[in-house]
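In case you want the letters, here they are:
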Amino acid sequence: MDTSLLAIILLVVGVGMGALLASARYLGEMRRIARFLRERDAESNARVTAGAAPGVTELAEAVNAELDRGAQAHIEAMRRQQEFQRDLSALSHDIRTPLMGAKGYLQLACDEGDPEVRARHLEAAASRIDATTELLDQLFAYTKSTDPDLALKMEPVALKPFVEEVLLGQYPAFEERGWEPAVSFDDAAVMVEADRDALARILTNLTVNALRHGAAAPAIGCRCAGGHAVLRVANAVADPGGIDAERLFDRFYQADASRGAKGSGLGLSVAANLAHAMDMGISASLEGDVLSIALDMHALP
């Protein structure tokens, strides 16, 4: 046999054997990684180690990166669950407190012989039951606002009369405080696209927040530019240092930060959820002692 031909045959055989050996090493590494993933404890911090087979280092790095992402997601889910349990415990306290108060006043009313005093006890009991009803209503509204399948009926809405209607619904509360809200629109005819019920809930919650936590009558202004209508609700607050504007839309924020304050701490969170569902922007800022909440909507031409 020709020497050169023999050399070529030996070279081909050598390359083939090398490829077979490399393939065997690669398959062995794949089996080792698969076995590691099957047997790995979900709570373990163990990571895939790289073998000698070609490409295994990149594969091990990719697998480890995915394991790290999964571990981080698990930690984040645990943190959210712990926060929810803590917040739910706070809300449970807020619900029990007025109910126990109502029960106490009802007992006093039952034992009271004076009709006027009995009437005052019954009025106090009714007030505490109303407070409980409001908390439950806000909890239901929050649950509904977080539903990914929330059905919205987007339609043109004349913003100025809509805002005035919402403010009129809070007239008794404004009258009780002796406040008159200031309303200003640079375009009184501006139209926005929104779900009427969702927008009414947002505006009501913003107004109630201003009434409940403000130190003066709110100013409601709307500026239109670049296809946007930005509605701003602003009023002075008594304790600006106690407000974290970045957390105002967090679930149960008020219940966390101010146990003595009225409300569930869900109103602004509901407003934010509904705004996002309608592709609106919502933000809060604090300048001096004035808290402003802005709702950025798409203005219709």
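Residues numbered from 1 in each chain as written. Predicted model: local features only at pLDDT ≥ 70, side-chain atom pairs only at ≥ 80, totals over all residues. Heavy atoms only, no water.

Looking now at the pattern of salt bridges. In a structure, side chains of opposite charge can pair up when their charged atoms sit close to one another. Within the structure shown, the criterion is met by two salt bridges. In this structure, E164 engages K160 in a salt bridge whose closest nitrogen and oxygen atoms are separated by 2.6 Å. Of this pair, E164 and K160 both sit in helix α4 (residues 159-169), four residues apart, which is roughly one turn of that helix. Across the pair R247 and D250 runs a salt bridge whose closest N-O atoms are separated by 3.3 Å. (Salt bridge = Lys/Arg side-chain N within 4 Å of Asp/Glu carboxyl O. Helix = DSSP H or I, 4+ residues; strand = E, 2+ residues; numbered from the N terminus.)

On to the nonpolar core. In this structure, L159, L199 and L295 are the most contacted members of the largest nonpolar core, which totals 45 residues. Among the elements that take part in this core, helix α6 (residues 196-213) stands out by supplying seven residues, more than any other. (Core = buried A, V, L, I, M, F, W, Y, C linked by side-chain atoms within 4.5 Å. Buried < 20%, exposed > 50% of the residue type's maximum accessible area, 1.4 Å probe, protein only.)

Before going further, it helps to examine the confidence of the model for the protein chain. Detailed reading of the predicted model is not advised wherever pLDDT is low. Residues of the protein chain with pLDDT of at least 70 account for 78%, and the chain-wide mean is 80. Segment residues 6-10 is flagged for pLDDT under 50; beyond a separation of four residues in sequence, or across chains, it makes two contacts in the model. Counting contacts from residues 12-21, a segment whose pLDDT is below 50, to residues more than four positions away or on other chains yields zero contacts. (pLDDT = per-residue confidence, 0-100. Contact = heavy atoms within 4.5 Å.)

Read across the open sheet, the five strands follow the order β2-β4-β5-β7-β6; overall the sheet is mixed. Strands at the two margins of the open sheet, each flanked by one partner only, are β2 (182-185) and β6 (281-287). When the angles between neighbouring strand axes are averaged without regard to direction, this sheet yields 15°. Both β2 and strand β4 (residues 219-225) contribute to a ladder of four bridges, which runs parallel. Each residue of the ladder has a partner; that of A182, found in β4, is A219. Its contacts with the sheet put α6 on β5 (228-236) and β7 (290-298), and the angle it makes with β7 is roughly 170°. Contacts between helix α8 (residues 267-277) and the sheet are confined to β6 and β7, with β6 contributing the most and set at about 140° to the helix. (Pairing = 2+ DSSP bridges. Axes fitted to C-alpha atoms, helices over the stretch in contact; angles between N-to-C directions.)

Throughout the structure, instances matching the rule amount to zero aromatic pairs. Its end group placed over the ring of W179, R177 keeps NZ or CZ at 6.0 Å from the ring centre. (Phe/Tyr/Trp six-rings, centres within 6.5 Å; stacked < 30°, edge-to-face > 60°. Lys NZ or Arg CZ within 6 Å of the ring centre and 35° of its normal.)

Attention now goes to the environment of A102. Along the chain, the position of A102 falls in helix α2 (residues 56-111). Taking the C-alpha atoms as reference points, A102 and I129, 27 residues apart in sequence, are found 6.4 Å from one another. For A102, the residues in contact, after removing those within four places along its chain, are A125, R128 and I129.

Within α4 the residues assigned to the buried category are L159, F162, V163, V166 and L167. One side of α4 holds all its buried residues, which, seen down the axis, span an arc of 135°. α4 presents E165 and L168 as exposed residues on the side facing more than 90 degrees away from its buried surface. (Arc of directions from axis to C-beta.)

On to α8. One full turn of an α-helix is made of 3.6 residues, so residues set three or four places apart face in the same direction. Of all eleven residues in α8, eight are buried; the element is thus mostly enclosed. Buried residues belonging to α8 abut α3 (115-145), α6, β6 and β7. One or two residues past the end of α8 sits D279, with phi positive at roughly 60°.

Looking now at the pairing of β5. Relative to β5, β4 runs antiparallel, the two sharing seven bridges. Its bridge partner being in β5, C222 is matched across the sheet by L231. Between β4 and β5, which pair antiparallel in sequence order, lie two residues; one of them, G226, sits at a positive phi of approximately 60°. The pairing of β5 with β7 spans nine bridges and is classified as antiparallel. Looking at the pairing, H228 lines up with H298 of β7.

Remark: α3 packs on α8, axes separated minimally by 9 Å, with the N-to-C direction vectors making an angle of 25°. Judged by the angle between their axes, α3 and α8 are roughly parallel. For α3 against α8, the interelement crossing comes out left-handed. Where α3 abuts α8, its residues Q138, A141, Y142 and S145 lie against G267, S269, V270, N273 and L274. Partitioning the contact of α3 with α8 into residue classes produces four nonpolar, five polar and no charged. (Parallel < 35°, antiparallel > 145°, perpendicular 65-115°, else oblique. Left-handed = near helix turned anticlockwise from the far one by under 90°. Nonpolar A, V, L, I, M, F, W, Y, C, P; charged D, E, K, R; others polar.)

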